[in-house]
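Examination of the molecular architecture
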Amino acid sequence: MPAFDTPLIFDGGQDGRANRYVPAAPPLADLLPAALLRDELPLPDNTELDVVRHFTRLSQKTFGIDTVFYPLGSCTMKYNPRINDALANLPALRDLHPFVPDELAQGALAIMWELERSLASLFGMAAFSLNPAAGAHAELTALLIAKAFYKKKGDAGRTTVIVPDTAHGTNPASAAMVGYNVVSLASDERGRVSLDAIRAAAGADTAVCMMTNPNTLGLFEDQIHEIAAVVHAAGGLMYYDGANANALMGNSRPGDMGFDLMHLNLHKTFSIPHGGGGAGAGPVGVAAHLVPFLPVPVVRAAGHDEAGGRWPSDGLTFRLEFDRPDAVGTMRSFWSNFAHVVRALAYCYANGADGLARVSQLAVLNANYIRVAIRDLIDIPYDEINRHEFVASAQSIKRETGVRALDIGKALLDRGYHAPTVYFPLLVPECIMIEPTETESKETLDGFIGALREILIAARELPQSVLDAPVTTAVSRVDETRAARFPDLRWRPPGP
Amino acid sequence: MYTPHTARDVEEMLRAVGVTSLDELVRVPDAVAVKAPLDLVPQLSEIEIAARFDDFARATSAGAYLSFLGAGAYRHYVPPVIGALAMRGEFLTSYTPYQAEVSQGYLQAIYEWQTYVALLTGLDVANASVYDGATAVAEAAIVAINATGRRAVLVSQAVHPNYRAVLRTYAAGLDIAVDELPYGAAGNTDFSALERLLADQRYAAVIVQTPNFFGCIDAPPRAAVTAIKATQTLLIGVTAEALALAALATPASWGADIAAGEGQSFGNAVAYGGPHVGFLATTSEQLRRIPGRLVGRTVDRDGRTAYVLTLQAREQHIRRERATSNICTNQAHCALIATIYLAALGKTGLRDVAAHNLVQAAALRAAVTALDGYAPRFSAPVFNEFVLRVPGNAAATLAALRQRGIVGGLDLGRFYPELADCILMTATELTTAADIERLTAALAESAPEPGRGTIARI
Amino acid sequence: MAQPPGLLFSKDHEWVKLDGDVATIGITDYAQHSLGDIVYVELPRVGATLQQFAAIGVVESVKAVSDIFTPLGGDVLEINAAVESDASLVNREPFGGGWFYKLKLADDAEKNNLMSGADYDKLIAEG
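Rules used throughout
- Residues numbered from 1 in each chain as written.
- Chains lettered and ligands numbered in written order.
- Predicted model: local features only at pLDDT ≥ 70, side-chain atom pairs only at ≥ 80, totals over all residues.
- Helix = DSSP H or I, 4+ residues; strand = E, 2+ residues; numbered from the N terminus.
- Rg over C-alpha atoms; globule rule 2.2 N^0.38 Å.
- Buried ≥ 20, exposed ≤ 12 C-beta atoms within 10 Å, placed from the backbone.
- Contact = placed C-beta atoms within 7 Å.
- Axes fitted to C-alpha atoms, helices over the stretch in contact; angles between N-to-C directions.
- Left-handed = near helix turned anticlockwise from the far one by under 90°.
- Nonpolar A, V, L, I, M, F, W, Y, C, P; charged D, E, K, R; others polar.
- Pairing = 2+ DSSP bridges.
- Core = buried A, V, L, I, M, F, W, Y, C linked by C-beta atoms within 7 Å.
- Right-handed = clockwise from strand over helix to strand, strands pointing away.
- Parallel < 35°, antiparallel > 145°, perpendicular 65-115°, else oblique.
- pLDDT = per-residue confidence, 0-100.

Let's talk about the overall build of chain A
- Secondary structure summary: chain A contains 16 helices and 12 strands in total.
- Over its C-alpha atoms chain A spans a radius of gyration of 25 Å, differing by no more than 12% from the 23 Å that the globule rule assigns to 496 residues.
- With respect to the three principal axes, the spread of C-alpha positions in chain A is 70 × 70 × 45 Å.
- In chain A, which comprises 496 residues, the proportion classed as buried is 61%.
- Considering only contacts within chain A whose residues lie at least 6 apart along the sequence, 73% involve residues at least 24 apart.

Laid out in structure tokens, this is it:
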């Protein structure tokens, strides 16, 4: 990885080097009164070559799936097929304005409808909304749906959200945004939610129980059906956090487990590129009794046999429906992260139902293959058949050598692998969470296993070599304390 | 698809794991096992997928129409260099840059985005982006709620209706009141009741948009800002057309404590609504209340300049239920596109594009309001869109234009019943003189006969 | 690990120094050590009225955040601006320059809910 310093774009640039993308224009001062205009615009003018070189160099100092393997637990860093980007970039779709009349957007609406319907079937929900922009946004949407549902029922006392201690950090944060309190549920010695624990927690104040299955330890909650029955008997709703949906497609459906609400992360399970942290997309699915509360707009189909119909052979027509009195409102400026809807539907086509089932099976196979290959060198707290991910603990390595989970991750960077997720879930000390995904070959996994074994051995024989890592990256370990104590969040023009 | 496993690989790997079949590996209790076949789209090869999407694209006929739509999503010229750089796999397929050592490039680009937003808005700090303009406004309102401890916000009716809708959705969750300020005859926010409304210090923030939803430049007058500051209310300045920031007085210059808005115009496609990119900037005073990710500049162990996600203790994965917001993603890739766009256009290019928008909007407005029966609805100065009053109703006029291959703009009756005879029309640097002529000719052809409009309105 | 003399302690690891009806409050050396590098301290506003043991501020380290529970109730007289601008003071001098705020006691009896240095030592030894 190139270690050369790349100056900020603001450090270069000279007046008079502008690119001629548009014809010369009159000065702004000729067009509007001075009082309405800004004084100056302190931005650099660069040649296009300056810009190309700057951002190309920045890209070279960045890992991506295209360059390295990401064993990143709970993040599902699978291959992002390029056909998906090409389709999202079709001019008719890319340049489609959200306010065009529905009759000029029939193809785009058909894409949304097909994806919604496919997801509903795949996960056992009555309907999906593509409105939320990301997973956390979808969680918020789902909790707003729950709140609206109870309000409509006149059930005012339900303000508690039950969240297992293996849950993602967004769950409690989302609960707080709808004014709900969080009750944390301790996992049992099997790393799962026990029936006793849920019986003790669920009650007349329970609004929602938020769970993921398999959970973030990579374990299937095998009593999920019974857990859901307990929550339902208490009058609560079951919410499925779809972060780990890559483990169970075509094999088991949240709807059949008893979940009333769920979200998916299209950027995880459905091969949307993560793009350095977004944009994502977070469809929300609901059981039949919650459909009226979905955010607007909703895509409605009309025509021959709309439920089982195909577009275009069955003459279906589509419209966006906004007037839904029980809806929670809308979550964003415009309808969906449509470019990602296109990508996700293309991915569904590339696989079909059988292909998606195989995706999940192979994701599980890859995870277990790594687990059994390293368990002689590191503790595996739940050493059983895991799903698409598993956790290891560097606790005893740390005790013996001072090498922490974080250090092991950093040492992987030097060997050309992204670090696994570390320190999550919180209940496993010095946690290392590994999720290889199904798109990685046996050779890649063998290479990764070799590198990880080498590091685990080095941790005991030459711990300093692990503590010093990484040494081949653009920078060495970063001073995060200084960054947080003295925030420098922007460049400033040199003073007068 | 996209799985590399040969039959032999699977066999060897199953043996290593100690199971005999893939089914055994993924076995679940019978009660929750999939039994019936799923109703999914059929599996297709890539060539068939491409053909299928060509069908979708053909059935999306809007591309064949001349369009004057804007209203929060704008088609601007995007130089090819933007896509060529942004679509590099290192950027496109990278994860959130938690591993700073292997993410220096992306982190620096986001630091540059934060700087661009700060320079464009005139404020001290900006975050790494939020979902879009509407959620930026909602998040800004939450900052104000947290800063003041008050439980209500006051928003201008000239703020984008979808932004107000999202604000109401978020407010319902948080049990916050949302009250509105009307718009006045000129198309600006009517601040006449402001002082009275603020007197009991009930509002955490006053939210205005400029250019507002009607295209009118709508920075609050000095007296309004004085009343806002005097009651320790925060002023949130919204921008749905980020390009306007290159030309108009900055939110900081007229007193905004927070600037929130939509950055799609900077190189991002309209894409039927997303993904777009929200921006959020504020004063140093509110630094610790900014939601979402922030990139900071620091040093590495060897003293070299390094970038890192910072102030993470504010965020959901640390604070959990005490976080400033539940927001987890930023729109990193959209923000990257915007950053490359801003770098490529530069000061000169941005000013030129802004000037072309002003010129074309003025030309369009002059041309259509010269027609008999058509008039500007509002008198305030505009940036690149304006409200046209038509004879009869807007829906009928737009339908007639559609017959002639033109999407004439947005029917304002959809959001403002009292403006059912009004169209919001937009011009950008991509609008040509020929486009304007085509529109005016079509309007002249489709105009109701003299008198008929009047009869229809009785 | 003897505590400085003359202070009172809460089970939430805050210390109190009483001077008549004015209390100076901070967090203990044990607390700063467990939190690691402290990067930011959010303090109550001058003039605010605090109830004993209410969460009235936060201490942030790089990757954790903890509430400050005021060990005594009363009106805030003064806050330590120095720790607001450089939180590392709390790590360096938890009992000195790293103090948080001073308040005018609401009820002298509240101090009976606090413990001595010796008892606090016992608490953290059990920790």
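Concerning the overall build of chain B
- Check the secondary structure of chain B and you find 15 helices and 15 strands.
- Out of the 458 residues in chain B, the part that is buried amounts to 61%.
- Long-range contacts, defined as pairs at least 24 residues apart, comprise 74% of the intrachain contacts of chain B with a sequence gap of at least 6.

Some remarks on the packing of helix α5 (residues 135-153) of chain A against helix α8 (residues 161-174) of chain B
- Taken N-terminus to C-terminus, the directions of α5 of chain A and α8 of chain B make an angle of 65°; their axes are 10 Å apart at the nearest point. In this structure, α5 of chain A crosses over α8 of chain B, and the sense of that crossing is left-handed. In this structure, α5 of chain A uses L140, L144 and K147 of chain A to contact α8 of chain B, whose residues at the interface are T169, A172 and G173 of chain B.
- Its residues placed into classes, the contact of α5 of chain A with α8 of chain B shows 3 nonpolar, 2 polar and 1 charged.

Focus on the interface of chain C and chain A
- Of the residues lining the interface, 6 residues belong to chain C; the matching set on chain A comes to 4 residues.
- Residues of the side of chain C that touches chain A, tallied by class, amount to 4 nonpolar, 1 polar and 1 charged.

Some remarks on the sheet that holds strand β10 (residues 390-393) of chain A
Residues and elements named next belong to chain A.
- Spatially, β10-β12-β11 is the arrangement adopted by the 3 strands of the open sheet, whose pairing is antiparallel. Lying at the two open borders of the sheet, with one neighbouring strand each, are β10 and β11 (421-422).
- Strand direction decides the pairing type here: β10 and strand β12 (residues 431-434), joined by 4 bridges, are antiparallel. Following the sheet pairing, F390 is matched in β12 by I434.

A few points about the sheet that holds strand β7 (residues 64-69) of chain C
All names here are of chain C.
- One open sheet accounts for 3 strands, arranged β4-β6-β7; its pairing is antiparallel. The sheet is open, and its two edges are formed by β4 (38-42) and β7, each paired on a single side. Here the strands of the sheet are splayed against their neighbours by 20° on average, with no regard to which way each runs.

Considerations on the interface of chain B and chain A
- Taken together, the contact pairs 165 residues of chain B with 171 residues of chain A.
- Among the residues forming the side of chain B that touches chain A, the class breakdown is 93 nonpolar, 44 polar and 28 charged.

A look at the nonpolar core
- The biggest cluster of nonpolar side chains holds 367 residues, and the ones touching the most others in it are I145 of chain A together with V137, A141, I207 and I236 of chain B.
- Looking at this core element by element, the count peaks at 22 residues for helix α11 (residues 338-374) of chain A.
- When sequence neighbours within four positions are dropped, the list of residues in contact with I236 of chain B reads A140, A141, A144, A205, I207, A256, I258 and A260 of chain B.

Overview of the pairing of strand β5 (residues 237-242) of chain A
Residues and elements named next belong to chain A.
- Buried residues dominate β5, accounting for 6 of its 6 residues.
- Both faces of β5 are covered, namely the face carrying L237, Y239 and D241 and the face carrying M238, Y240 and G242.
- Pairing analysis gives 4 bridges linking strand β4 (residues 206-211) to β5, with the strands arranged parallel. Across the sheet, C209 pairs through a bridge with M238, a residue of β5.
- In terms of handedness, the path from β4 via helix α8 (residues 224-233) over to β5 forms a crossover that is right-handed.
- Where β5 and strand β6 (residues 261-264) come together, 4 bridges link them in parallel fashion. Counterpart to Y240 in the pairing with β6 is M262.

Details of the packing of helix α4 (residues 106-123) of chain A against helix α3 (residues 46-58) of chain B
- Two numbers describe how α4 of chain A lies on α3 of chain B: the axes approach to 6 Å, and their chain directions differ by 130°. Classed by the angle they form, the pair α4 of chain A and α3 of chain B counts as oblique. The segment α4 of chain A lies against α3 of chain B, with G107, A110 and I111 of chain A engaging F56, A57 and R58 of chain B.

Side note on the confidence of the model for chain B
Residues and elements named next belong to chain B.
- For chain B, per-residue confidence averages 94 on the pLDDT scale, and 95% of positions sit at 70 or higher.
- Every residue in residues 451-458 scores below 50 in pLDDT, and together they form 5 contacts with partners more than four places removed in sequence or on other chains.
- Overall fold confidence for the complex sits at a pTM of 0.95, while the interface term, ipTM, reaches 0.97.

A few points about helix α13 (residues 405-414) of chain A
Residues and elements named next belong to chain A.
- For α13, a buried count of 9 out of 10 residues is recorded, marking the element as mostly surrounded by other parts of the structure.
- When α13 is considered as a whole, its buried residues turn out to be A405, D407, I408, G409, K410, A411, L412, L413 and D414.
- On its buried face, α13 sits against β11, β12, α14 (442-461) and α15 (463-467).
- Downstream of α13 by one or two residues, G416 has phi in the positive range, about 85°.

Thoughts on the environment of V41 of chain C
All names here are of chain C.
- You can see V41 is positioned in strand β4.
- Take V41: there are 24 C-beta atoms within 10 Å of it, and that puts it in the buried class.
- Between the C-alpha atom of V41 and that of T70, which follows or precedes it by 29 residues, the distance is 14 Å.

Things to note about unusual backbone geometry
- Of note, the amide linkage connecting W311 of chain A to P312 of chain A takes the cis form, showing an omega dihedral of 0°.
- Turning to its location among the elements, P312 of chain A is positioned in the loop between β8 (298-302) and β9 (317-321).
- Along the chain, F424 of chain A connects to P425 of chain A via a cis peptide bond; the corresponding omega equals -5°.
- You can see P425 of chain A is positioned in the loop between β11 and β12.
- Located in the positive-phi region is T437 of chain A, a residue other than glycine, with phi close to 70°.
- Take T437 of chain A: it is sitting in the loop between β12 and α14.
- Here the phi dihedral of D175 of chain B falls at roughly 55°; this positive angle occurs in a residue that is not glycine.
- Position of D175 of chain B relative to the elements: it lies in the loop between α8 and β4 (177-181).

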